[in-house]
Amino acid sequence: MAADGAFQGKVAVVTGAARGIGEAIAVAFRDEGAVVFSIDPGEPETPQAGIRYLAGDVSDAESVAAAFAAVDREAGRLDVLVNNAGIQRVALAQSMSHADWYGVLNTHLSGMFLCSAEAIRRMRPQRSGAIVSIASVAGILGIPGRGPYSAAKAGIISLTRTLALENATANIRVNAVAPGFTRTKLIEQGIKDGSIRSEWQLERVPMKRLADPREIADPVLYLASDKASYITGQTLVVDGGWMVQGINHVPDWLDADKSEG
Ligand SMILES: NC(=O)c1ccc[n+]([C@@H]2O[C@H](COP(=O)([O-])OP(=O)(O)OC[C@H]3O[C@@H](n4cnc5c(N)ncnc54)[C@H](O)[C@@H]3O)[C@@H](O)[C@H]2O)c1
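Each chain has its residues counted from 1, running along the sequence as written. Per-residue local features are limited, in this predicted model, to residues with pLDDT of at least 70; the limit for side-chain atom pairs, both in listing and counting, is 80 or more; totals at the level of whole chains, interfaces and linings are taken over all residues. The basis for the side-chain values is all heavy atoms of the structure; hydrogens and waters are excluded.

Asks: I'm lost on the pattern of salt bridges in this one. Help?
Replies: One side chain can pair with another of opposite charge once the charged atoms of both are near each other. Salt bridge, as applied in this entry: a Lys or Arg side-chain nitrogen positioned within 4 Å of an Asp or Glu carboxyl oxygen. Tallying each qualifying case throughout the model produces 13 salt bridges. Here E45 ties to K185 by a salt bridge, and the two come within 2.7 Å at their closest N and O atoms. On the criterion of sequence distance, the pair formed by E45 in the loop between β2 (35-40) and β3 (51-55) and K185 in helix α5 (residues 185-193) is long-range, its members being 140 residues apart. Using a relative accessible area of 43% as the deciding quantity, one classes E45 as partly exposed. Think of it in three bands: residues with accessible area under 20% of the maximum for their type are buried, residues over 50% are exposed, and the middle band is partly exposed, with areas taken using a 1.4 Å probe on protein chains only. Under the relative-accessibility criterion, K185 is labelled partly exposed at 41%. Here R121 ties to E118 by a salt bridge, and the two come within 3.5 Å at their closest N and O atoms. In this pair, R121 and E118 are both assigned in helix α3 (residues 98-126), 3 residues apart and thus about one turn of the helix distant. Under the relative-accessibility criterion, R121 is labelled exposed at 55%. Residue class for E118 comes out buried when judged on its relative accessible area of 11%. In this structure, a network of salt bridges that share partners links the residues D72, E118, R121 and R122. Helix and strand definitions follow DSSP, with helices as H or I runs of at least four residues and strands as E runs of at least two, each counted in order from the N terminus.

Here it is as structure tokens:
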């Protein structure tokens, strides 16, 4: 998205913006003129100019309340919330520890609930606001070993619809973006520990490459912007065509890439 100041004078909170997709989203809002706060327990890997980093854990109600109180003190309003914070734990259900099950659900789904509730309390009196949450294709497709992750992401898609309905007349829009494979530490870690293999991405993804975090940030900005003013309750899949692929083998005579030489 070319910077045209679409978020000038607006205040955005992005959870989990110390790195990865969250960092790309925070930077994109900053570039469009927004005052941006990150809520993340970790130090930013590459601190970005103009982003206010608040230490906070989205799965902890007190921590979330304290972070939003800091936004109140420093900015006095809230226009956009992006629920991005996330973790991954991979194991079959029968081997998954309770700590991992609850840790993943609490970070993704309870985190979305807690932060969205804080945001809605601030946006309703303004009668404006936008919430965008990061789901995943894992919330739509089955992926072995990702029980809590997939369930949490499906929950995010569902809670998006509920919050959209509850706030439609208050002019607060609530949407989600469901990324496919995106080049971040989360994926690099999976490739390193063997839970993800890069050839799957080449085989499964029609565009034959991972997304760059910026390619997830741009649709988030679109959904949060006035250009999406009649869109609410939706989940936009951003996956290089992964989810629409029925058959991934094309005979040579039908393959445009080959016939075009
Ligand atoms: N990378 C992908 O391929 C991919 C695909 C689909 C969806 N997603 C989703 O995108 C989001 C970002 O993923 P990423 O790949 O950038 O991961 P990442 O691991 O690079 O970054 C995640 C960030 O969230 C923060 N975080 C973790 N727990 C937190 C908590 N309790 N409170 C606040 N912040 C917390 C981390 O400190 C980190 O800065 C996640 O929700 C993830 O599930 C990623």
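Asks: What's the story with the nonpolar core in this structure? I'm lost.
Replies: Counting residues in each nonpolar core, the largest one holds 31 residues, and the members touching the most others are V13, F68 and L81. The biggest single contributor to this core is α3, with 6 residues. Among the nonpolar cores identified, the runner-up in size contains 28 residues, and V14, V80, A130 and A228 belong to it. We call a set of buried Ala, Val, Leu, Ile, Met, Phe, Trp, Tyr and Cys residues a nonpolar core when their side-chain atoms join them within 4.5 Å.

Asks: Would you mind going over α3 with me for this structure?
Replies: Quick reminder: α-helices carry 3.6 residues per turn. Residues three or four places apart thus point the same way. Helix span is expected to be 1.5 Å times the residue number reduced by one. Taking 1.5 Å per residue as the helical rise, α3 with its 29 residues ought to reach 42 Å, and the 40 Å between its terminal C-alpha atoms agrees with that figure. Note on bend: the value at a residue is the angle between axes fitted to the seven residues ending there and to the seven starting there. The sharpest bend along α3 reaches about 40° and sits at N106. R127 sits one or two residues past α3 and shows a positive phi near 55°.

Asks: How should I be thinking about the site of the ligand in this particular structure?
Replies: Close contacts around the ligand come from 30 residues, with R19, D40, Y149, T182 and T184 the closest. Within the contact set of the ligand, an oxygen atom lies 2.8 Å away from a backbone nitrogen or oxygen of I21. K153 has a polar side-chain atom sitting 2.9 Å from an oxygen atom of the ligand. Here the open area of atoms and residues is found with the Shrake-Rupley method and a 1.4 Å probe, where only the protein chains shown may cover a residue. With the chains in place, 93% of the 840 Å² that the ligand exposes on its own is no longer accessible. Every element with two or more residues in the shell around the ligand is listed here: α1 (20-31), β2, α3, α4 (147-167) and α5. Here the element with the most residues in the shell around the ligand is α5; it accounts for 3 residues. Residues are grouped as follows: nonpolar covers Ala, Val, Leu, Ile, Met, Phe, Trp, Tyr, Cys and Pro; charged covers Asp, Glu, Lys and Arg; every other residue, Gly included, is treated as polar. Here the shell around the ligand is built from residues that sort into 14 nonpolar, 11 polar and 5 charged. Only a single heavy atom is needed: when it lies within 4 Å of a molecule or strand, its residue is near that molecule or strand. For the purposes of these results, a polar contact is taken to be a pair of N or O atoms within 3.5 Å, where, inside protein, one atom must be able to donate a hydrogen and its partner to accept one; residues adjacent in sequence count only when each atom of the pair is a side-chain atom.

Asks: Looking at this model, I keep getting lost on the packing of α3 against α4. Mind explaining?
Replies: Angle between the axes and distance between the axes are the two parameters that describe a pair of packed helices. Closest axis-to-axis distance for the α3/α4 pair is 8 Å, and the angle between their directions is 15°. Overall, the two elements α3 and α4 adopt an arrangement that is roughly parallel. Taken as a pair, α3 and α4 cross one another with a handedness that is right-handed. Of the residues that constitute the contact of α3 with α4, the class distribution is 14 nonpolar, 6 polar and 4 charged. Axis definition: a line fitted to C-alpha atoms, limited for helices to the stretch in contact. Angles are taken between N-to-C directions and run from 0 to 180 degrees. Small angles under 35 degrees read as roughly parallel and large ones over 145 as roughly antiparallel, with 65 to 115 read as roughly perpendicular and the rest as oblique. Each crossing gets its hand from how the near helix is turned against the far one by less than a right angle, where anticlockwise is left-handed and clockwise is right-handed.

Asks: How should I be thinking about the packing of aromatic side chains in this particular structure?
Replies: When we look at a pair of aromatic rings, we describe it by the centre distance and by the angle of the planes. Each Phe, Tyr or Trp ring, with Trp reduced to its six-membered ring, pairs with another whose centre is within 6.5 Å; inter-plane angles below 30 degrees give stacked pairs, above 60 give edge-to-face pairs, and intermediate values give tilted ones. The full count for this structure, using the stated rule, is 2 aromatic pairs. A ring pair is formed by F7 and F29, whose centres lie 4.9 Å apart and whose planes are at 80°; its orientation type is edge-to-face. Placement of F7 in the segment before β1 (11-15) and of F29 in helix α1 is noted, with a sequence separation of 22 residues between them. For the residue pair F7 and F29, the accessibility class agrees, reading buried in each case. Relative to W242, the ring of F181 lies with its centre 4.7 Å away and its plane at 15°, an arrangement referred to as stacked. Linking F181 in the loop between β6 (172-179) and α5 with W242 in the loop between β7 (235-238) and α8 (256-259), this pair joins segments that are 61 residues apart in sequence.

Asks: I would appreciate a short explanation of unusual backbone geometry in the present structure.
Replies: With the exception of glycine, the majority of residues adopt a negative phi angle, and the majority of peptide bonds are in the trans configuration. Of note in the backbone geometry, N171 takes a positive phi value of approximately 65° without being a glycine. By the element assignment, N171 lies in the loop between α4 and β6. Positive phi values are uncommon outside glycine, yet K208 reaches one of about 60°. Its place among the elements puts K208 in the loop between α6 (198-204) and α7 (213-224). Its relative accessible area of 44% is what places K208 among the partly exposed residues.

Remember, this is a structural readout, not a statement about activity or role.
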